[in-house]
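What follows is each chain in one-letter form.
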Amino acid sequence: MKKSVNARIVSNRRIAPDHFVMEVKSVWLSRNSSPGQFVAVRARENATDPLLRIPLGVHAIRKKGIRLLYKVVGSGTKLLMSKRKGERINILGPLGNGFDLTPVFREKDSRAVIVAGGHGIAPLYELARVVTRGKKKVDFFIGAGTKKHVVCSKELRKLGAKVHVATEDGSMGHKGYVTDLLKKHLKQVKRYGTRVQGYRSRATIYACGPRPMLAALAKNAKRSGVPAQVSLDAYMACGIGACLGCVVRTVDGYRRVCKDGPVFDAREIVWESA
Ligand SMILES: Cc1cc2nc3c(=O)[nH]c(=O)nc-3n(C[C@H](O)[C@H](O)[C@H](O)COP(=O)(O)OP(=O)(O)OC[C@H]3O[C@@H](n4cnc5c(N)ncnc54)[C@H](O)[C@@H]3O)c2cc1C
Ligand code: FES
């Protein structure tokens, strides 16, 4: 169930060039959000610019609120960047369907392979937190353009996740795309009972990032027989399923990213479509 709340900003700090984490106080959002869901933030009250709310993934769920991780790309996120501690901000949420964690918690030896591209890491941190808290293994792949944009790696290691980094310029970790690094990993991890690093594992992939990354990942996952859930990005207007502005083509026809997603089974998406 969603609700519009005027949440107080607890902090709003820069964590990397153009990347910020805002914490807001809202017991409602804390109690009702789950990993993979998102909220729609109004950057400015009573104004037409920006006209629309900004969809942002729930980055972390705190006792009395939530955190949002955002990249500054345009007018709305620029306004968010200027918000100060103590100010109030209107947030509608939680929205959409989050990740399905049953495959990870159903089996004894199962594990989550989490793949983040750029600010796609936003909704994946909370997922890793929930999975590691449930005593399950997490392999967390972070892809970024350069070392400066690799965020959350320390926090993820603190949770107990095994972090693998790929940067396009090679300034940190594997040089190249995160999907290539994942491909190597998938060669090792087979869905049913392959020995990997001393234990038998069963993997489910969870991913969020740019569409070309998700398309490549979906192809690899299919080839390796590993199920994958992907969180899609789309231009959104209403954010609540009414305007059909965010539809994506699936094997079952068009579906709304805001209401039917943003998380989909990777096999459902028609990746060749625009
Ligand atoms: C379900 C969902 C969850 C999201 N979660 C996050 C998150 O946690 N953190 C985060 O940083 N971003 C997230 N995004 C993307 C974020 O909503 C957009 O970057 C934001 O709305 C841009 O607003 P703006 O007013 O700053 O930019 P605009 O002024 O609207 O646009 C600036 C530039 O960004 C491009 N752009 C705008 N919106 C999108 C979009 N949805 N997808 C791709 N390009 C876009 C425009 O084409 C333009 O080039 C999410 C999007 C969706 C749909
Ligand atoms: S944004 Fe209106 S239906 Fe999704």
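In case you missed it, the structure is sitting above this.
So, here's what we can say about the structure. (Residues numbered from 1 in each chain as written. Chains lettered and ligands numbered in written order. Predicted model: local features only at pLDDT ≥ 70, side-chain atom pairs only at ≥ 80, totals over all residues. Heavy atoms only, no water.)

**Considerations on the sheet that holds strand β2 (residues 19-25)**
The strand order across the open sheet built from seven strands is β4-β3-β7-β1-β2-β6-β5, with neighbouring strands paired in antiparallel fashion. Sheet topology places β4 (54-57) and β5 (60-61) at the edges, where each strand pairs with a single neighbour. Of the pairings in the sheet, the one linking strand β3 (residues 38-42) to strand β7 (residues 88-95) comprises four bridges and is antiparallel in character. Counted as the bridge partner of Ala40 is Leu92 from β7. (Pairing = 2+ DSSP bridges. Helix = DSSP H or I, 4+ residues; strand = E, 2+ residues; numbered from the N terminus.)

**Considering the side chain of Ser26**
Following the sequence through the fold, Ser26 ends up in the loop between β2 and α1 (27-32). The exposure class assigned to Ser26 is buried, which follows from its relative accessible area of 7%. Those residues in contact with Ser26 that lie beyond four places of it in its chain are Val5, Ala7, Lys64 and Gly65. (Buried < 20%, exposed > 50% of the residue type's maximum accessible area, 1.4 Å probe, protein only. Contact = heavy atoms within 4.5 Å.)

**Considering the site of ligand 1**
Neighbouring ligand 1 are 19 residues, the closest being Pro55, Lys71, Thr77, Asp233 and Tyr235. The separation between a nitrogen atom of ligand 1 and a polar side-chain atom of Asp233 is 2.8 Å. Residue Tyr235 places a side-chain N or O atom 2.6 Å away from an oxygen atom belonging to ligand 1. Protein coverage of the free-state accessible area of ligand 1, which is 890 Å², stands at 71%. Those elements giving two or more residues to the shell around ligand 1 turn out to be β4, β6 (65-71) and α2 (75-81). (Near = heavy atom within 4 Å. Polar contact = N/O pair within 3.5 Å; in protein donor to acceptor, adjacent residues only side chain to side chain. Areas by Shrake-Rupley, 256 points an atom, 1.4 Å probe, with all protein chains shown as cover.)

**Some thoughts on helix α4 (residues 124-133)**
Each turn of an α-helix holds 3.6 residues, which means side chains three or four residues apart point in the same direction. With eight of ten residues buried, α4 is to be regarded as a mostly interior element. Buried residues of α4: Leu124, Tyr125, Glu126, Leu127, Ala128, Val130, Val131 and Thr132, and no others. At the C-terminal side of α4, Lys135 shows a positive phi close to 65 degrees.

**A short note on the nonpolar core**
The biggest cluster of nonpolar side chains holds 33 residues, and the ones touching the most others in it are Val115, Ile205 and Leu232. Elements that contribute at least two residues to this core include exactly β3, β7, β8 (110-117), α6 (178-188), β13 (199-208), α7 (211-224) and β14 (228-231). Beyond its immediate stretch of four places on either side in the chain, Val115 contacts Leu124, Phe141, Val178, Leu182, Ile205, Tyr206, Ala207, Cys208, Met213 and Leu217. One finds Ala128, Val131, Leu156 and Val165 within the second-largest nonpolar core, a separate group that totals 32 residues. (Core = buried A, V, L, I, M, F, W, Y, C linked by side-chain atoms within 4.5 Å.)

**Points about the pattern of salt bridges**
Taken as a whole and assessed by the stated rule, the structure comprises seven salt bridges. Between Arg111 and Asp139 there is a salt bridge, with its nearest N and O atoms 2.1 Å apart. Note that Arg111 is positioned in strand β8 and Asp139 in strand β9 (residues 137-144), a separation of 28 residues in sequence. Assessed through its relative accessible area of 2%, Arg111 is described here as buried. One salt bridge in this structure joins Arg255 and Glu268, with 2.7 Å as the shortest N-O distance. Taken together, the residues span a long stretch of sequence, with Arg255 in strand β16 (residues 253-256) and Glu268 in the segment after β17 (263-265) at a distance of 13 residues. What you see here is one network of salt bridges that share partners, running through Glu23, Arg62 and Arg67. (Salt bridge = Lys/Arg side-chain N within 4 Å of Asp/Glu carboxyl O.)

Coordinates in, geometry out; function isn't part of it.
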